[in-house]
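In case you want the letters, here they are:
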Amino acid sequence: MSKLVTTPPLVFLNAANSVQEVETHLHEPLLPKPGSRKKRIGLEVLNSLARLEILLTKEETLASAEQEVQNLRQQEYNTAEIDNMINMFLSSIPQLEEETVAVKKDVKAYITELGLAALFPKSAQRLVVTKVSLGKTDAQAHFVEMCAINQVAAISLQIQQDIKLPNHKYIAHQLALLYQCLNQVGGHFIKYKPRVEQHFDATKSLTNSSHEPRLNEEQKEWLSQLTADIVTEALFSGRPASTVSQPLADYLTLVGQVAPPKV
């Protein structure tokens, strides 16, 4: 048998007298701006809950699938990731609470007060938060809306690039796709539908007229202006957050506010 196993240790460590864990500040700036720590911690909390929500959705999908060996392995890995996200959240939320309220509250009540329970209902239920309101204002609804707006903007930008090409064979197809996306996102984007309808037939006839069709200057100018207006509406309108996105906007406003100095 090895002497390493049989010989007594050189030093017996006493857990009661051991050095406490040293707090690190690796991700904090040398010259922090007022409120920057609160905002950083608030975004960490948001990130951990967003990832936890996705993992819990994946957990539901895996549970309803056929129980194969590979699926069981994925479930085990997913469960470990869920536990990791919960630990990250539970380590961040007290720091955020320290930055935002004077008197400590119960964690479950606090995340409900912040609106996080409504934003991430599956995560709230896993954290045993009572009275979770299920509706159309959770983070998933916000992401769906943002995805639709992003798709409208992306197609518009692509059309702006494609009208500079010598061949406009597929412009009509792109206009049809843009029209469908305007329908999907709805709201303030509906007003652009008549502008597409007004010129679609002429554009389609032109693009089907030859193997290498080319829009005339008037058509290119109209299409360029239409897509520019849509991109401006999507990215730079400055309009208040929609009903779907309002809870998330409220939370980001809260963590972005500069707290008064502590006395």
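In this text, all values refer to a predicted model and were calculated from it rather than measured experimentally.

1. Some words on helix α8 (residues 171–185)
- Taking 1.5 Å per residue as the helical rise, α8 with its 15 residues ought to reach 21 Å, and the 21 Å between its terminal C-alpha atoms agrees with that figure.
- If you follow the buried residues of α8, they end up packed against α7 (139–162), α9 (193–207) and α10 (217–235).
- After α8 finishes, the residue G186 shows a positive phi value of roughly 60°.

2. As for the side chain of D162
- You can see D162 is positioned in helix α7.
- It is K164 that comes nearest to the buried, bridge-free D162 among opposite-charge side chains, at 9.7 Å.
- Engagement of the side chain of D162 in a polar contact is seen with the side chain of Q174, the distance being 2.6 Å.
- Ignoring anything within four residues of it in the chain, the contact list for D162 reads H168, I171 and Q174.

3. Examining the environment of H168
- Topologically, H168 is positioned in the loop between α7 and α8.
- Along the sequence, H168 and N208 sit 40 residues apart, while their C-alpha atoms lie 9.9 Å from each other.
- Residues contacting H168, with those up to four places away along its chain left out, are D162, I163, T207, P213, R214, L215 and K220.
- Among the polar contacts listed, one links the side chain of H168 to the backbone nitrogen of L215, at a separation of 2.8 Å.

4. Here we look at the layout of surface pockets
- When its volume is computed, the largest pocket comes out at roughly 520 Å³.
- Mapped onto the lining of the largest pocket, the elements with two or more residues apiece are α7, α10 and α11 (246–256).
- Residue composition of the lining of the largest pocket, by class: 12 nonpolar, 8 polar and 3 charged.

5. Quick word on the nonpolar core
- Judged by nonpolar contacts, the single largest core of 25 residues is most densely connected at V45, L49, I93, L96, L116, F120 and Y251.
- Elements that contribute at least two residues to this core include exactly α2 (36–64), α3 (69–100), α4 (107–114), α5 (116–119) and α11.
- Per-element accounting of this core gives the leading share, 8 residues, to α2.
- The contacts of L96, once residues within four sequence positions are left out, are K38, I41, G42, V45, Y110, L114, Y251 and V255.
- In this structure, C181, Y192, V196 and L215 belong to the second largest nonpolar core, which totals 22 residues.

6. Focus: the packing of α7 against α10
- For the pair α7 and α10, the least separation of the axes is 9 Å and the interaxial angle reads 150°. Here α7 lies roughly antiparallel to α10, going by the angle between them. The handedness of the crossing between α7 and α10 comes out as left-handed. Contacts from I149, V152, A153, S156, L157, I159 and Q160 in α7 reach L223, S224, T227, A228, I230, V231 and A234 in α10.
- Looking at the contact of α7 with α10 residue by residue, the class counts come to 10 nonpolar, 4 polar and no charged.

7. Regarding the packing of aromatic side chains
- Within this structure, the stated rule accounts for 1 aromatic pair.
- Seen from their ring centres, F189 and Y192 are 6.4 Å apart, and the 45° between their planes marks the pair as tilted. Side by side, F189 and Y192 carry an identical accessibility label, which is buried.

8. Focus: the confidence of the model for the chain
- Residues with a pLDDT of 70 or more make up 77% of the chain, whose mean pLDDT is 80.
- Looking at the elements of the chain, mean pLDDT is at its lowest for helix α1 (residues 3–6), recorded as 64, and at its highest for α8, recorded as 94.

What counts and what doesn't
Residues numbered from 1 in each chain as written. Predicted model: local features only at pLDDT ≥ 70, side-chain atom pairs only at ≥ 80, totals over all residues. Heavy atoms only, no water. Helix = DSSP H or I, 4+ residues; strand = E, 2+ residues; numbered from the N terminus. Expected span 1.5 Å × (residues − 1). Contact = heavy atoms within 4.5 Å. Buried < 20%, exposed > 50% of the residue type's maximum accessible area, 1.4 Å probe, protein only. Lys, Arg positive; Asp, Glu negative; His and termini not counted. Salt bridge = Lys/Arg side-chain N within 4 Å of Asp/Glu carboxyl O. Polar contact = N/O pair within 3.5 Å; in protein donor to acceptor, adjacent residues only side chain to side chain. 1 Å grid on protein atoms, 1.4 Å probe; cavity = no way out; pocket = protein on both sides within 12 Å on 5 of 7 lines; lining within 4 Å. Points joined across faces, edges and corners; volume = space filled by probe spheres on them. Nonpolar A, V, L, I, M, F, W, Y, C, P; charged D, E, K, R; others polar. Core = buried A, V, L, I, M, F, W, Y, C linked by side-chain atoms within 4.5 Å. Axes fitted to C-alpha atoms, helices over the stretch in contact; angles between N-to-C directions. Parallel < 35°, antiparallel > 145°, perpendicular 65-115°, else oblique. Left-handed = near helix turned anticlockwise from the far one by under 90°. Phe/Tyr/Trp six-rings, centres within 6.5 Å; stacked < 30°, edge-to-face > 60°. pLDDT = per-residue confidence, 0-100.

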